[in-house]
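Below, each chain spelled out in residue letters.
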Amino acid sequence: MKILMLSSELAPFAKTGGLGDAVASLGKTLAGAGHDVRIVLPRYGTAPLATENGWTPHPHPVAVHLSPRETLFCRVWTAPFEGTAARVHLVEYNAHFGSPSIYTTFPADAYRFAFLTVAALDFCLQTGWIPGIVHAHDWPAALAPVVLNTTRRATPIGRAATLFTIHNLQHQGLAPKDILRYLHLPGWLDTADNLECLGGINLMKGAIYHATKLTTVSPTYAREIQTPAHGFGLDPVLRHRSTDLSGILNGMDTTSWNPETDAHLPARFSAADLSGKAVCKAALQRRLALRENPAVPLFGVVARLYDQKGLDLLATILPDLLARAHMQIVLLGKGEQWLEEQYLWLARSHPDKCAVRIGFDNALAHQIEAASDFFLMPSRFEPCGLNQMYSMRYGALPVAHATGGLADTVQDWMPPRTNADASAGATGTGVLFYDATAGALRNAIIRALQLYYDNAADFARLRRNAMARDFSWTRSAARYEGVYRDAIAARKGSVAADGGLVQ
Ligand code: ADP
């Protein structure tokens, strides 16, 4: 299949969270399976692109036909993607992407990514590489299905099927109505059954109506977003498309995140030999000036410090827990200033038990996963989540709210209930709690402490279970292939012999 992916993020070029990782791994896995994969994203900033990495500019400027009266020109750079057969195209247009920031301000971002979308589609048209499927990721790419159903419908790329993947429904891409004029889109899109929303334009709503198929990044999240509690106002639209919506769990990058080979760690380890994990724990305790003690359970957190992640709940209960319980906590994160300050204050109040680093630090994230006995994820909602997968692989048991991908990947600790069960041992890979409240989180941490201190055999068993879980991309990528095929078949069904839309 010829697969065009559109995304604002692609690790390692541009990443703020799981989106960049997911697009990179999916692209590489699909290319490895023999598909022709091209991934388009902006060239953020103006730093030179290293020719030794294979970057070559397209020989001609690419015309971006925003409207019959407005054609702009961008440059497109191409390189093989990290030694795979997939290709990356970076769209250079400094008026929109000259700043190194991936996301800037409202409403500029809507225009920046609208430009990217049209540039990507027009680049395909001008080079004659016509994808069978256009896979648009999250709101920045949400206009692709809309454009392919309207202004580009009668062109060769108008036959392409579209898949829109929701990585996070909270960010929907609200734009002024003028965005329709900017792309010369028809006025009928400005209705409640299309893109209109709260007096403006909602880009993600447009993709939900217009994409051939829809996916999100876990089966539980696919169900949750169809409810008012998690639908962020779009649940009626998602219920309307529910037969075309499925949940495919993200995999994780098992090469970068492998405790047996991880170059960021002071020592490597495996489920069969955990001695290196003890070295990692001691090294982190020393580095962060915590009390160096192999026996105290270490809880890790690596996250964006925003409402979604529920770390305000943790901050509420930590003063009491740290005062009473024999535990240590390490937090690495960046986000809301008030939350950063609260955690820095907690670290100052309990310097031997709580260490906080504000910032984005990939090496430290690896070291925290490796050193921790538990990994805290009290997310209010979590479309998929990668950190719980990393932590299981690194033998840090997730203590997580049973929502979205956390519910689909973490099994709650269940001690053996009968004598017959006892020989098989405890089941589970972590500790789950079922309400996003400070009280439920506190109880879960107390259960984790009981598991660690009072049920050492169960703890060891859960660690083995967790480290044996397979979260590689192979299975998920095969499910995407299936959805692409369904989408292509469905799109063909909607095109008349003359290429017109059957409706
Ligand atoms: P989200 O995409 O909502 O941020 P995920 O768990 O899916 O959450 O992915 C988060 C990714 O970003 C992981 O790879 C995680 O290690 C990384 N990450 C988040 N915050 C930081 C940080 N402060 N420093 C280093 N890595 C981080």
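Refer to the structure above for everything that follows.
Caption draft 1: Highlighting the pairing of strand β4 (residues 62-67). Most of β4 sits out of view: five of its six residues are buried. With five bridges connecting them, β4 and strand β5 (residues 70-80) associate as antiparallel partners. Residue pairing for β5: Ala-63 is matched across the bridge by Phe-73. Taking the residues between adjacent antiparallel strands as the criterion, β4 and β5 are bridged by two residues.

Caption draft 2: How the structure looks around the site of the ligand. Taken together, 20 residues surround the ligand, and among them Gly-18, Arg-304, Lys-309, Gly-359 and Leu-386 come closest. At 2.8 Å, a backbone N or O of Gly-359 approaches a nitrogen atom of the ligand. Between the ligand and the protein, one listed contact pairs an oxygen atom with a side-chain N or O atom of Asn-387 at 3.3 Å. Expressed as a share of its isolated accessible area of 560 Å², the protein-covered part of the ligand is 93%.

Caption draft 3: Representation of the environment of Gln-337 in the model. By the secondary structure assignment, Gln-337 is in helix α11 (residues 337-349). Taking the C-alpha atoms as reference points, Gln-337 and Ile-358, 21 residues apart in sequence, are found 9.9 Å from one another.

Caption draft 4: Fine view of unusual backbone geometry. In this structure, the amide linkage connecting Ala-11 to the following residue, Pro-12, adopts the cis form with an omega of 5 degrees. If you trace the backbone, Pro-12 turns up in the loop between β1 (2-6) and α1 (18-32). Following Phe-106, the chain continues into Pro-107 via a peptide bond in cis, with omega recorded as -5 degrees. Along the chain, Pro-107 falls in the loop between α2 (94-97) and α3 (108-127).

Caption draft 5: Summary view of the pattern of salt bridges. Evaluation of the coordinates by the stated rule reveals 22 salt bridges. One salt bridge connects Lys-177 with Asp-190, and the closest N-O pair in it is separated by 3.2 Å. On the criterion of sequence distance, the pair formed by Lys-177 in the loop between β9 (174-175) and α5 (178-182) and Asp-190 in the loop between α5 and β10 (196-197) is long-range, its members being 13 residues apart. Given a relative accessible area of 36%, Lys-177 falls into the partly exposed group. Taking the shortest distance from any N to any O, the salt bridge between Lys-309 and Glu-382 comes out at 2.9 Å. You can see Lys-309 sitting in the loop between β14 (298-305) and α10 (311-324) and its partner Glu-382 sitting in the loop between β17 (374-377) and α13 (387-393), a full 73 residues away along the chain. Take Lys-309: its relative accessible area is 13%, and that puts it in the buried class. Through salt bridges that share partners, Arg-43, Arg-75 and Glu-92 make up one connected network.

Caption draft 6: Examining α10 more closely. A rise of 1.5 Å per residue sets the reference length of α10, with its 14 residues, at 20 Å; its end C-alpha atoms lie 20 Å apart and thus fit the reference within 8%. When the local axis directions of α10 are compared, the greatest deviation, roughly 45 degrees, occurs at Leu-318, which is followed within four positions by the proline Pro-319. If you check which residues of α10 are buried, you get Leu-311, Asp-312, Leu-313, Leu-314, Ala-315, Ile-317, Leu-318, Leu-321 and Leu-322. Summarising the contacts, the buried residues of α10 are in contact with β14, β15 (328-335), α11, β16 (354-358), β17 and α16 (438-454).

Caption draft 7: Region of interest: the packing of aromatic side chains. Tallied over the full model, the rule gives 20 aromatic pairs. Judged by centre distance (4.9 Å) and plane angle (20 degrees), the rings of Phe-299 and Phe-374 are stacked. In this pair, Phe-299 sits in strand β14 while Phe-374 sits in strand β17, placing the two residues 75 residues apart along the sequence. With a relative accessible area of 0%, Phe-299 lands in the buried category. Taking the relative accessible area as the measure of exposure, Phe-374 reaches 0% and is therefore buried. An aromatic cluster is built from Tyr-44, Phe-97, Tyr-103, Phe-113 and Trp-139, whose rings are joined through pairwise contacts.

Caption draft 8: Seen up close, the nonpolar core. In this structure, Phe-115, Leu-143, Phe-299, Leu-314, Tyr-343 and Ile-445 are the most contacted members of the largest nonpolar core, which totals 174 residues. The biggest single contributor to this core is α3, with twelve residues. Here this core spans two domains, and each of domain 1 (2-251 + 474-492) and domain 2 (275-467) adds at least three residues to it. Leaving out residues up to four positions away in the same chain, Phe-115 has contacts with Val-64, Leu-66, Leu-72, Cys-74, Val-91, Tyr-93, His-96, Phe-97 and Tyr-182.

Calculation criteria
- Residues numbered from 1 in each chain as written.
- Predicted model: local features only at pLDDT ≥ 70, side-chain atom pairs only at ≥ 80, totals over all residues.
- Heavy atoms only, no water.
- Buried < 20%, exposed > 50% of the residue type's maximum accessible area, 1.4 Å probe, protein only.
- Helix = DSSP H or I, 4+ residues; strand = E, 2+ residues; numbered from the N terminus.
- Pairing = 2+ DSSP bridges.
- Near = heavy atom within 4 Å.
- Polar contact = N/O pair within 3.5 Å; in protein donor to acceptor, adjacent residues only side chain to side chain.
- Areas by Shrake-Rupley, 256 points an atom, 1.4 Å probe, with all protein chains shown as cover.
- Salt bridge = Lys/Arg side-chain N within 4 Å of Asp/Glu carboxyl O.
- Expected span 1.5 Å × (residues − 1).
- Bend = angle between axes of the 7 residues up to and from the residue.
- Contact = heavy atoms within 4.5 Å.
- Phe/Tyr/Trp six-rings, centres within 6.5 Å; stacked < 30°, edge-to-face > 60°.
- Core = buried A, V, L, I, M, F, W, Y, C linked by side-chain atoms within 4.5 Å.
- Domains from an automatic or database assignment.

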